[in-house]
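Structure at a glance
Single-letter residue listing:
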Amino acid sequence: KTIAVVGCPFSGGQPKLGVDKGPIHLVEAGLITRLEELGWRVLFDGHHQFEEISAASDPPIGKLQNPRHVSRVCESVAEVVGAHVRNGQLPVTLGGDHSLAMGTISGTLSSYPDACVIWVDAHADINTAETTSSGNIHGMPVSFLLGLGEKIPEYAWVKPLLRPERLVYIGLRDLDAGEKRILRENNIKAFSMHEVDKYGIGRVVDMALDHVNPNRDLPIHLSFDVDALDPSVAPSTGTPVRGGLTFREGHYICEAIHETGLLVALDLMEVNPSLADPESVRQTVAVGCSLVCSALGE
Ligand SMILES: N[C@@]1(C(=O)O)CN(C[C@@H]2CCCCN2)C[C@@H]1CCC[B-](O)(O)O
Ligand SMILES: [Mn+2]
Ligand SMILES: [Mn+2]
Ligand SMILES: [Mn+2]
């Protein structure tokens, strides 16, 4: 099978500079060669160039920051990912901030409407325009995918194709009050770090799959935010939170998902190579590459 690496140098979903350089660092660390060594055919048509729009022409909508830029970029990512999926390829999207998942998961669901989403993250990224306090859209993609909250004209292209019962979280440990309420109200399954400690990562992944993919017959979209890992493992990321997944727990999730044979799309998000010393950046990039390779059979 063929992998399509989609480099998305984009940072508009959050305020810290540098996360747009994540893709180039991951590719330059040798990701593509490693994937080829696993036996994959790898397509990489270069990092996507997203046309900038000036801040002046993209004023906040309510609290939302860079709303038009984020929308346009995510819409084009949805088209790119959707096309790769339709061509029978496995899109591996390299971020870039996690707002991009609005595009990647829209792309996957457009071709695999029954796909389930495994969201590995310290955060739920499910704020609506009403519940967000930061206005950073990387904290909101899931709410758009579920069709929650007030409709925003600029985001009319995001169809509510994701169903709550097809979404499961692993690694949560930093949620806003509004997000906790949204998870409860929508009966969304979440395995926080408390459950990881309580049951162990093996049981957690089994239970997560039992919830969203009980017969192991649905395509899987894995959206992995490196801040799900403990900051000691992946320090160079925009919103680090103590008490995260170990190196092995992160890799176990990816290995177990590979073992299902059901992975159809993967996101590796929020590597920001400008937020730590060179050794910590190298470490974060290396972990990101390693996670991608584990999800693809390493
Ligand atoms: N919920 C958040 C939002 O901004 O909406 C608030 N949070 C930061 C905040 C710092 C102070 C203590 C409470 N948490 C980041 C998160 C978005 C993370 C996006 B991701 O893609 O990195 O997961
Ligand atoms: Mn995230
Ligand atoms: Mn996060
Ligand atoms: Mn993050």
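Residues numbered from 1 in each chain as written. Chains lettered and ligands numbered in written order. Predicted model: local features only at pLDDT ≥ 70, side-chain atom pairs only at ≥ 80, totals over all residues. Heavy atoms only, no water.

Binding of the manganese ion (ligand 4) to the protein goes through D227 (OD) and T239 (OG1), at separations of 2.3 to 2.7 Å. The metal-metal distance between the manganese ion (ligand 4) and the manganese ion (ligand 2) is 4.8 Å. With D227 in the loop between β7 (220-225) and α9 (247-260) and T239 in the loop between β7 and α9, this pair connects stretches of sequence that are 12 residues apart. Owing to a relative accessible area of 27%, T239 belongs among the partly exposed residues under this scheme. (Donors = N, O, S within 2.8 Å, 3.2 Å for Na, K, Ca; no water. Helix = DSSP H or I, 4+ residues; strand = E, 2+ residues; numbered from the N terminus. Buried < 20%, exposed > 50% of the residue type's maximum accessible area, 1.4 Å probe, protein only.)

Our focus in this paragraph is the nonpolar core. In terms of nonpolar packing, the biggest core is built from 54 residues, with I170 and L296 touching the most fellow members. Considering each element in turn, this core owes the most residues, 8 residues, to helix α10 (residues 278-295). Within the second largest apolar cluster, 41 residues are counted, among which are L64, L146, I152 and L183. (Core = buried A, V, L, I, M, F, W, Y, C linked by side-chain atoms within 4.5 Å.)

So, about the environment of E130. With respect to the element layout, E130 can be found in the loop between β4 (116-120) and α5 (141-146). Looking at E130, the relative accessible area reads 40%, which means it is partly exposed. When near neighbours in sequence (up to four residues on either side) are disregarded, E130 contacts K63, G149 and E150. (Contact = heavy atoms within 4.5 Å.)

By convention here, two paired aromatic rings are described through the distance between centres and the angle between planes. Applying the stated criterion across every chain, the model contains 2 aromatic pairs. Between F10 and F50, the ring centres sit 6.2 Å apart and the planes meet at 75 degrees, which makes this aromatic pair edge-to-face. One end of the pair, F10, is in the loop between β1 (2-7) and α1 (22-28); the other, F50, is in the loop between β2 (41-43) and α3 (67-86), with 40 residues separating them in the sequence. Plain terms: the ring middles of F144 and Y155 are 4.6 Å apart, the flat faces sit at 20 degrees to each other, and that makes the pair stacked. Of the two residues, F144 sits in helix α5 while Y155 sits in the loop between α5 and β5 (167-172), which places them 11 residues apart along the sequence. Residue classification places F144 among the buried residues on the basis of a relative accessible area of 10%. What makes Y155 buried here is its relative accessible area of 3%. (Phe/Tyr/Trp six-rings, centres within 6.5 Å; stacked < 30°, edge-to-face > 60°.)

Let us look at the site of ligand 1. Among the 15 residues in the neighbourhood of ligand 1, the closest are listed as D125, N127, S134, D176 and D225. At 3.1 Å, a side-chain N or O of D121 approaches an oxygen atom of ligand 1. Between ligand 1 and S134 there is a distance of 2.7 Å, counted from an oxygen atom to a side-chain nitrogen or oxygen. When the free accessible area of ligand 1 is taken as 540 Å², the share hidden by the protein chains comes to 73%. (Near = heavy atom within 4 Å. Polar contact = N/O pair within 3.5 Å; in protein donor to acceptor, adjacent residues only side chain to side chain. Areas by Shrake-Rupley, 256 points an atom, 1.4 Å probe, with all protein chains shown as cover.)

Scanning the entire structure with this criterion turns up 9 salt bridges. Linking D114 and R166 is a salt bridge whose minimum nitrogen-to-oxygen distance equals 3.6 Å. Of this pair, D114 sits in the loop between α4 (101-111) and β4 while R166 sits in the loop between α5 and β5, placing them 52 residues apart in sequence. We classify D114 as partly exposed; its relative accessible area is 40%. Here R282 and E279 are joined by a salt bridge, their closest N and O atoms 2.8 Å apart. Taken as a pair, R282 and E279 lie in helix α10 at a separation of 3 residues, close to a single helical turn. (Salt bridge = Lys/Arg side-chain N within 4 Å of Asp/Glu carboxyl O.)

This brings us to the sheet that holds β4. Strand order in this open sheet of 8 strands is β2-β1-β3-β8-β7-β4-β5-β6, and the pairing throughout is parallel. Across the chains shown, the open sheet's two edge strands, defined by having one partner strand only, are β2 and β6 (189-192). With strand direction ignored, the average angle separating the axes of adjacent strands in the sheet is 15 degrees. Sheet topology places β4 next to β5; 4 bridges connect them, and they run parallel. Across the sheet, residue I118 finds its bridge partner in β5, namely V168. Packed on one face of the sheet, α3 meets β1 and β3 (90-94) and runs near 155 degrees to β3. Strands in contact with α9 are β4, β5, β7 and β8 (263-269); relative to β7, the strand with the most contacts, it is inclined by about 170 degrees. (Pairing = 2+ DSSP bridges. Axes fitted to C-alpha atoms, helices over the stretch in contact; angles between N-to-C directions.)

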